[in-house]
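Examining the three-dimensional arrangement
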Amino acid sequence: MSGFNTRAIHAGSEPDPVTGAVNPPVYLTSTYAQDAVGVARFSDYSRTNNPTRAALETCLAELEEARHGLAFASGMAGEDALLRTLSPGDHVILGNDAYGGTYRLLTRIFGDWGVNVSCVDLSDVDAVESAFTATTKMLWVETPSNPLLNVVSIATLSAATREHGARLVVDNTFATPYLQRPLTLGADVVVHSTTKYVGGHSDVIGGFVATNDDELATRLRFHQFAIGAVPGPLDCYLLLRGVKTLGVRMDRHCSNARAVAGFLSDHPAIKKVYYPGLIDHPGHDVAAAQMSDFGGMVSFTLKGGVDVARKVCESTSIFILAESLGGVESLIELPSEMTHLSTAGSLLEPPANLVRLSVGIEDVDDLLADLDRALAL
Ligand SMILES: Cc1ncc(COP(=O)(O)O)c(C=O)c1O
C-alpha cells in the first residue's frame, strides 16, 4: 500500500479519461440516461450513487484502511444511519465525555425509540466491563474525546467489546486517519464528521462511516440510499480537495497545538490544560502508542469561573469565537454554553469554565501572542 499522502491525493481520483483533466469532473447530475429500460451504466439516480461521491468514499476508505466507506450529508447523518442498525430494547454504552450531538441523538431520538444508553467513564475498564448487559450492541468511543481530550486504548476496549458480542464504534473526528486508524487497532466501525479536519477549510458539512464488516456495510448502504442523507457532488468535491492536504495540515496543527499547550501550561491564569501531548496527561502513553501525534485540539480551565472564561473567549482576535473545529483558522469556544449545551445537567456536562481551542495552522507566534493578550485582560 502506498503512503498516506499519496493515497490522500490519488485514491479514487484518476485524470478524466476523455479530456485528461487532472481533477475528476464534479458530476452535477441527479439522474442518468439509461441504455434500455432499467439498464443504467453507473447508477439509476444520484441518491443511490454519484461518481464524485464514489471517488470520495474510495479515498476516505483507503485512508482508514477500510474495505467499505460511506459518505453522508453530515457527521450526525452518518451516526444516524449506523444507529438505525439497532432495534428497540438494544443497549449502547457511550463515553461520558462524548460530543453533545451524539448524546442528544442517542438519548432524544433513539432513546424515544426504545434504545437504552449508559454513559460511562471509558478510562475505568471495570466500569466499562460492568456496564455491558445482555442487550448491549455497541460501545461508542471518542478518542481523543470532545471536549476533554481524554484518550482510551482502542485495543483494550475492542477486546472487551468482542467478548460481549457487541461492536466497538470509534469517532475518529479529532485524530483523523492521518494520526490514528481505529480499524487496525480492533474497532469495528469508524465514524467521522468530515466537516472538521478532513474538509479542513470550514466550508462544508459532511460525515463518513467506514468498516470492514461486509454485512454491516450492506445495511449501511441501504440506509444511505433509503433514508437519503447523502452529500451533494459539490460538497464531495470540496471534501476531496480538502483531504489531499490532510497530512501537511495535521503536521502543522499538531506542532502549533503542542506549542499552545506548553504556553498555557506555564501561564499563571490557567488552572489545567487538557492536551494528550503533555506528559502528565493521564492518556499520554496510550496516545503515544496508538496515535502518530497528539492532534490540534487543546482545552483548558481558568483559575477564574465561567465569567472569566467567557471573557477570554470574547477577547481573542486571531482565534475566532465559533463552534466547530479542524479548519485552517484557529477557533475558540466555551463548550458548556456552545457545543455541549445539550449535555447540561447530564454526566457529560463539561466544566463551566472549560475553554476549547481548535488550533489552526497560522504562524504560531501570532497565536501565542493572541492568547497572551486575551488572558491578560
Ligand atoms: C466528535 C464529533 N463527532 C460528530 C460530530 C457531528 O458532526 P456534524 O456536525 O458534521 O454533523 C461532531 C460535530 O461537532 C463532533 O465534534
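Position numbers for residues start from 1 in each chain and track the written sequence from start to end. Note on the predicted model: pLDDT of at least 70 is required for a residue's local features to be given, and 80 or more for side-chain atom pairs to be given and counted; whole-chain, interface and lining totals, by contrast, use all residues.

1. As for the confidence of the model for the chain
Every residue carries a pLDDT, the predictor's confidence in it, which falls somewhere between 0 and 100. Per-residue pLDDT for the chain has a mean of 97; in total, 100% of the residues score no lower than 70. Within the chain, the element-level pLDDT minimum falls on helix 4 (residues 100-110), averaging 95, and the maximum on strand 9 (residues 207-211), averaging 99. By the criteria applied, helices consist of DSSP H or I runs no shorter than four residues and strands consist of E runs no shorter than two, each listed in order from the N terminus.

2. A short note on the pairing of strand 9
Sheet faces and side chains relate simply in a regular strand, where the side chains alternate between the two faces. Burial in this document is a count-based property: other C-beta atoms within 10 Å of a residue's C-beta are tallied, and the residue is buried at 20 or more, exposed at 12 or fewer, or partly exposed in between, with C-beta positions derived from the backbone. The element strand 9 is largely enclosed, with a buried count of 5 among its 5 residues. Burial of strand 9 is two-sided: the residues Gly207, Val209 and Thr211 facing one way and the residues Phe208 and Ala210 facing the other way are all buried. Note: strand 8 (residues 189-193) against strand 9, 5 bridges, orientation antiparallel. The residue of strand 9 that forms the bridge with Ser193 is Gly207. If DSSP finds at least two bridges between two strands, the strands pair.

3. Re the domain arrangement of the chain
How big an interface is tends to be stated in terms of accessible area lost as the parts join. Under the domain assignment used here, the chain contains domain 1 (4-243) and domain 2 (246-376). Centre-to-centre separation of domain 1 and domain 2, based on C-alpha positions: 25 Å. Here contacts are defined at the residue level, using C-beta atoms placed from the backbone and a cut-off of 7 Å between them. Contacts between the two partners involve 35 residues from domain 1, matched on the other side by 36 residues from domain 2. Breaking the side of domain 1 that touches domain 2 down by element, the ones donating at least two residues are helix 1 (4-10), helix 4 and helix 7 (176-179). Here the nonpolar group is Ala, Val, Leu, Ile, Met, Phe, Trp, Tyr, Cys and Pro; Asp, Glu, Lys and Arg are the charged ones; every other residue, Gly included, is treated as polar. The class makeup of the residues in the side of domain 1 that touches domain 2 is 20 nonpolar, 12 polar and 3 charged. Note that the domain bounds were set by an automatic or database domain assignment.

4. Overview of the sheet that holds strand 6 (residues 136-142)
Strand order in the open sheet formed by 7 strands is 3-9-8-7-6-4-5, and the pairing between neighbours is mixed. Pairing within the sheet leaves two strands with one partner each, and these edge strands are strand 3 (68-72) and strand 5 (116-120). On average, adjacent strands in this sheet sit at an angle of 20 degrees to one another, irrespective of strand direction. Note: strand 7 (residues 167-171) against strand 8, 3 bridges, orientation parallel. Bridging across to strand 8, Val170 finds its partner in Val190. Helix axes are fitted only over the stretch in contact, all axes being lines through C-alpha atoms; the angle between N-to-C directions runs from 0 to 180 degrees.

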